[in-house]
Amino acid sequence: MTNRAATDQAPDLTVYFDGSCPLCTLEINHYKWQSGAQKLCFVDASSSADLGNDLPRETALGRFHVREANGTLLSGARGFVAIWALLPRWRWAARLADLPAVTPLLELAYRGFLPVRPWLARIAARRQP
């Protein structure tokens, strides 16, 4: 379910992803190998029974979500920006997203991506070993 070792410390972010989507899994695996990933807890929403009362499985599978340590649920571009801010090699992207109007533009791009995600996932599935 997660890539975190058992520790007493809660993760900075819990990342919910669609593990049945080859494209999503490819991206999450990239994040798992980044320096700073120990601050993240990865939850495969396609197979986990516990996503929280405020995150129905269908919602989690249809759109990217992360939960901050304080319980706040972020989705779409805001979720990606939260991850990028924790990963040293991605902090430049988080800083860029902090510029005025950039995160709303990223959200528009993400919403444009969602309809083509199934097609891209099929392509990613063919390329995986």
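Residues numbered from 1 in each chain as written. Predicted model: local features only at pLDDT ≥ 70, side-chain atom pairs only at ≥ 80, totals over all residues. Heavy atoms only, no water.

*Asks:* Explain the overall build of the protein chain to me, please; I cannot follow it from the model alone.
*Replies:* Helix and strand counts for the protein chain stand at 6 helices and 4 strands. The order of helices and strands in the protein chain, counted from the N terminus, is β-α-β-α-β-β-α-α-α-α. In terms of overall dimensions, the protein chain is globule-like: its C-alpha atoms have a radius of gyration of 14 Å, near the 14 Å expected for 129 residues. Along the longest, intermediate and shortest principal axes, the C-alpha atoms of the protein chain span 40 × 35 × 30 Å. Relative to its 129 residues, the protein chain shows a buried fraction of 41%. Within the protein chain, contacts between residues separated by at least 24 positions form 64% of all contacts whose residues are at least 6 apart in sequence. Summing over all exposed atoms, the protein chain offers an accessible surface of approximately 7700 Å²; the carbon and sulfur share of this is 58%. Across the protein chain, the centroid of the 15 positively charged side chains sits 8 Å from that of the 11 negatively charged ones. (Helix = DSSP H or I, 4+ residues; strand = E, 2+ residues; numbered from the N terminus. Rg over C-alpha atoms; globule rule 2.2 N^0.38 Å. Buried < 20%, exposed > 50% of the residue type's maximum accessible area, 1.4 Å probe, protein only. Contact = heavy atoms within 4.5 Å. Areas by Shrake-Rupley, 256 points an atom, 1.4 Å probe, with all protein chains shown as cover. Lys, Arg positive; Asp, Glu negative; His and termini not counted. Charge placed at Lys NZ, Arg CZ, Asp CG, Glu CD.)

*Asks:* I'm lost on helix H3 (residues 77-86) in this one. Help?
*Replies:* For an α-helix the count is 3.6 residues per turn, leaving residues at separations of three or four pointing the same way. Most of H3 is tucked away, with 8 of its 10 residues classed as buried. For H3, the set of buried residues is Ala77, Gly79, Phe80, Val81, Ala82, Ile83, Trp84 and Leu86.

*Asks:* I tried to follow the confidence of the model for the protein chain on my own but got confused; where do I start?
*Replies:* Detailed reading of the predicted coordinates is not advisable wherever pLDDT is low. Per-residue pLDDT for the protein chain averages 90, and the proportion of residues at 70 or more is 92%. Every residue in residues 1-7 is under pLDDT 50, and counting partners more than four places away or in other chains gives 17 contacts. (pLDDT = per-residue confidence, 0-100.)

*Asks:* Please explain the side chain of serine 48 as it appears in this structure.
*Replies:* Among the secondary structure elements, serine 48 is positioned in the loop between strand E2 (40-44) and helix H2 (57-62). In terms of polar contacts, serine 48 uses its side chain to reach the backbone amide nitrogen of aspartate 50, at 3.2 Å. (Polar contact = N/O pair within 3.5 Å; in protein donor to acceptor, adjacent residues only side chain to side chain.)

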